[in-house]
Number of protein chains: 2
Amino acid sequence: MAELYITIGRQFGSGGREIGKKVAEALGIPYYDKELLAVAAKESGLSHEFLQSYDEKPTNSFLYSLVMGQHHLTPGMPGNTVEQMAAKAQREAVLSVAEKGSCVIVGRCADYILRDKPGLVRVFVSADWDARVQRVCRRDGVTEKEAVEKIRKMDKTRASYYNFHTDRKWDSAENYDLCVSSSFHGPDRAVEVILDFCKA
Amino acid sequence: MAELYITIGRQFGSGGREIGKKVAEALGIPYYDKELLAVAAKESGLSHEFLQSYDEKPTNSFLYSLVMGQHHLTPGMPGNTVEQMAAKAQREAVLSVAEKGSCVIVGRCADYILRDKPGLVRVFVSADWDARVQRVCRRDGVTEKEAVEKIRKMDKTRASYYNFHTDRKWDSAENYDLCVSSSFHGPDRAVEVILDFCKA
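Since the structure is predicted, the reported quantities are computational estimates derived from the model, not experimental observations.

(A) Summary view of the relation of the copies chain B and chain A. Superposition of chain B onto chain A requires a rotation of 180° combined with a translation of 0.0 Å along the rotation axis, giving an RMSD of 0.0 Å. These values place the two chain copies in the arrangement generated by a two-fold rotation axis. Both copies contact each other with a shared surface, as 100% of the interface residues of chain B are interface residues in chain A too.

Laid out in structure tokens, this is it:
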């Protein structure tokens, strides 16, 4: 079988992580989400804590990076600021795990980083607002009001990180080969939809 | 079988129209694209030419409509300006064809207009930039340069119309239950992906 690189962008609370895991299990290939941090730490020599603090998060000195010029996750990107160091280490971790063979990678602009790789399937998982609120309440043990705040903040954070490090818009359908709402038929059916799409 | 209302938003040159038609044929249900204009003309008493000139197009007096207030396609929307009259007639045509039973509707904010209807499946069809340019060249007999201009203009026009008449963003994955790239596996496989999704 040819190599398969499934990248999964996901709205916060959509269950994208769980769906990505199940897709990887069904295909018997590795799955990377937070796991990428360990790879990035090992390969860059930067600490896990340092990388975690910049994981998919834009920070105040983004403005500085902007002024400094090139900030897309491309070969030859600069690594002068702390954000750039972290982003560069993440980019190299994505390339490194893909180098080993088929895998599922959640978030971290992997769809953009691997954009020229044959076998790439770019997936985005969304869900209805209410379903996301319920999921975050249940999963994180928070009130509805807290869940709403968390979802807004996390989506904004992920979008900022993605839009900054790519020349694309995070939630734009045109960036993906397949977008599926996990609340339409439920997460398990979303897994099947993704598997069917990758098979064909 | 329960009623099924499949709405298809589409990037210009993605083949969304052709895909919508094949989905409708496979399910044996009516298909509405430009056909909605005839329904709108018949039911509103407005001329077909008048409606066509405002079909999914924002115009200069949008600013006026904005100032005048409410412009979403909801019950009780005003119908004072020519754009409002045209949009209102389109909205009523969408509701009227859905009233008759299962159907496929391409564009015209049908996903928003029918948002509370059980059996609604909101689909968006995209395609890679190059595939869209090729398709438009072939279909419309234009040069690559002309195709690029046409695609940019038409996408912008559709997005403006949609964003203005709804509280949503046209190309945002979160508005749809399923988004599929027609250039990934080709249009025929996109039809199958949509049919499978609607079946489940």
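(B) View of the nonpolar core. With 69 residues, the main nonpolar core has L51 and I105 of chain A together with L51 and I105 of chain B as its most contacted residues. Once residues lying within four places of it in the same chain are set aside, the contact partners of I105 of chain B are I6, T7, I8, Y32, L36, V94, V97, A110 and L114 of chain B.

(C) Broad picture of the pairing of strand β1 (residues 5-10) of chain B. All names here are of chain B. Here β1 lies mainly inside the structure; 6 of its 6 residues are buried. For β1 and strand β3 (residues 103-106), the ladder comprises 4 bridges, and the chain directions are parallel. Its bridge partner lying in β3, I8 is registered against V106. In this structure, β1 lies alongside strand β4 (residues 120-126), joined through 6 bridges in parallel fashion. Bridge pairing in β4 places I8 opposite V123.

(D) View of the pattern of salt bridges. All names here are of chain B. In this structure the tally under the stated criterion is 26 salt bridges over all chains. The shortest N-O distance in the salt bridge between D155 and R132 comes to 2.3 Å. Of the two residues, D155 sits in helix α8 (residues 144-165) while R132 sits in helix α7 (residues 129-140), which places them 23 residues apart along the sequence. Judged by its relative accessible area of 13%, D155 is buried. Note on R132: relative accessible area 1%, which makes it buried. As a salt-bridge pair, D140 and R139 come within 3.0 Å of each other at their nearest N and O atoms. Judged by relative accessible area, D140 falls into the partly exposed class, the value being 27%.

Rules of the game
- Residues numbered from 1 in each chain as written.
- Chains lettered and ligands numbered in written order.
- Predicted model: local features only at pLDDT ≥ 70, side-chain atom pairs only at ≥ 80, totals over all residues.
- Heavy atoms only, no water.
- Least-squares fit on C-alpha atoms with pLDDT ≥ 70 in both.
- Contact = heavy atoms within 4.5 Å.
- Core = buried A, V, L, I, M, F, W, Y, C linked by side-chain atoms within 4.5 Å.
- Buried < 20%, exposed > 50% of the residue type's maximum accessible area, 1.4 Å probe, protein only.
- Helix = DSSP H or I, 4+ residues; strand = E, 2+ residues; numbered from the N terminus.
- Pairing = 2+ DSSP bridges.
- Salt bridge = Lys/Arg side-chain N within 4 Å of Asp/Glu carboxyl O.

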